[in-house]
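Analysis of the macromolecular model
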Amino acid sequence: MSLIPSIFGGRRTNVFDPFSLDVWDPFEGFLTPSGLANAPAKDVAAFTNAKVDWKETPEAHVFKADLPGLKKEEVKVEVEEGNILQISGERSNENEEKNDKWHRVERSSGKFMRRFKLPENAKMEEIKASMENGVLSVTVPKVPEKKPEVKSIDISG
């Protein structure tokens, strides 16, 4: 049995493997955010933490969020309180038919929201967002840094 796949994030599904990432949860569905036992909490929570990268370039702050399967109409990008960038949305559950028999549900659904406090050098009025292939890109331009004015002084003598 190799430990390397489980240490580096590989999914293992062998019930007899003590290092498997599929662990039985005795409390699964017991307490959920909505209080209903038939909506597993991890299905709601799994999409809550949408993965977002934030990088700063000399010209802007750039946010990239992985939102696979979502359309731009299902995502909201807002600025609150002047300097809080909020990315939110919802992925709906797939319609279930009475005759369907599910063997495994790994794709997450539910609401998500991520908030970021932007620095003072962000130009809030020029924020742009686009979505392509399930990746949301939000660009927040920066106010150019004021460079100190240098004045040359002639030396007499």
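Identification of the chain as HSP20-like chaperone from Arabidopsis thaliana x Arabidopsis arenosa is taken from an unreviewed UniProt entry. The annotation that UniProt attaches to the chain under Subcellular location (unreviewed entry) is "Cytoplasm". You can read under Sequence similarities (unreviewed entry) in the UniProt record for the chain the words "Belongs to the small heat shock protein (HSP20) family."

1. Some thoughts on the overall build of the chain
When helices and strands are tallied, the chain shows 2 helices and 7 strands. In the chain, of all internal contacts separated by at least 6 residues, the share reaching a separation of at least 24 is 49%. In the form shown here, the chain has an accessible surface area of approximately 12,800 Å², with 53% of it arising from carbon and sulfur atoms.

2. Remarks on the sheet that holds strand β4 (residues 84-91)
Here 3 strands make up an open sheet; going across it, the order is β3-β4-β5 and the pairing antiparallel. Edge positions in the sheet fall to β3 (75-80) and β5 (110-117), since each of these pairs with one other strand and no more. Put simply, the sheet's adjacent strands are angled 15 degrees from each other on average, direction ignored. Of the strand pairs in this sheet, β4 and β5 are connected by 8 bridges, and their pairing is antiparallel. In the strand pairing of β5, serine 88 is matched with methionine 113.

3. Considerations on the environment of lysine 55
Secondary-structure assignment places lysine 55 in strand β1 (residues 52-56). We classify lysine 55 as partly exposed; its relative accessible area is 49%. Sequence separation between lysine 55 and threonine 139 is 84 residues; the distance between their C-alpha atoms is 9.9 Å.

4. Considering unusual backbone geometry
Keep in mind that most residues, glycine aside, have a negative phi and that most peptide bonds are trans. Phi at glutamate 81 takes a positive value of approximately 50 degrees, unusual for a residue other than glycine. Its place among the elements puts glutamate 81 in the loop between β3 and β4.

5. Observations concerning the sheet that holds β1
If you walk across this open sheet you meet the 4 strands as β1-β2-β7-β6, and the pairing is antiparallel. The outermost strands of the open sheet, each flanked by one partner alone, are β1 and β6 (128-132). Here the strands of the sheet are splayed against their neighbours by 15 degrees on average, with no regard to which way each runs. Where β6 lies against strand β7 (residues 135-141), 5 bridges are found, and the strand directions are antiparallel. Opposite glutamate 132, over in β7, you have valine 135 as the bridge partner.

Conventions and cut-offs
Residues numbered from 1 in each chain as written. Predicted model: local features only at pLDDT ≥ 70, side-chain atom pairs only at ≥ 80, totals over all residues. Heavy atoms only, no water. UniProt positions renumbered as here; feature names shortened; annotations may be inferred. Helix = DSSP H or I, 4+ residues; strand = E, 2+ residues; numbered from the N terminus. Contact = heavy atoms within 4.5 Å. Areas by Shrake-Rupley, 256 points an atom, 1.4 Å probe, with all protein chains shown as cover. Pairing = 2+ DSSP bridges. Axes fitted to C-alpha atoms, helices over the stretch in contact; angles between N-to-C directions. Buried < 20%, exposed > 50% of the residue type's maximum accessible area, 1.4 Å probe, protein only.

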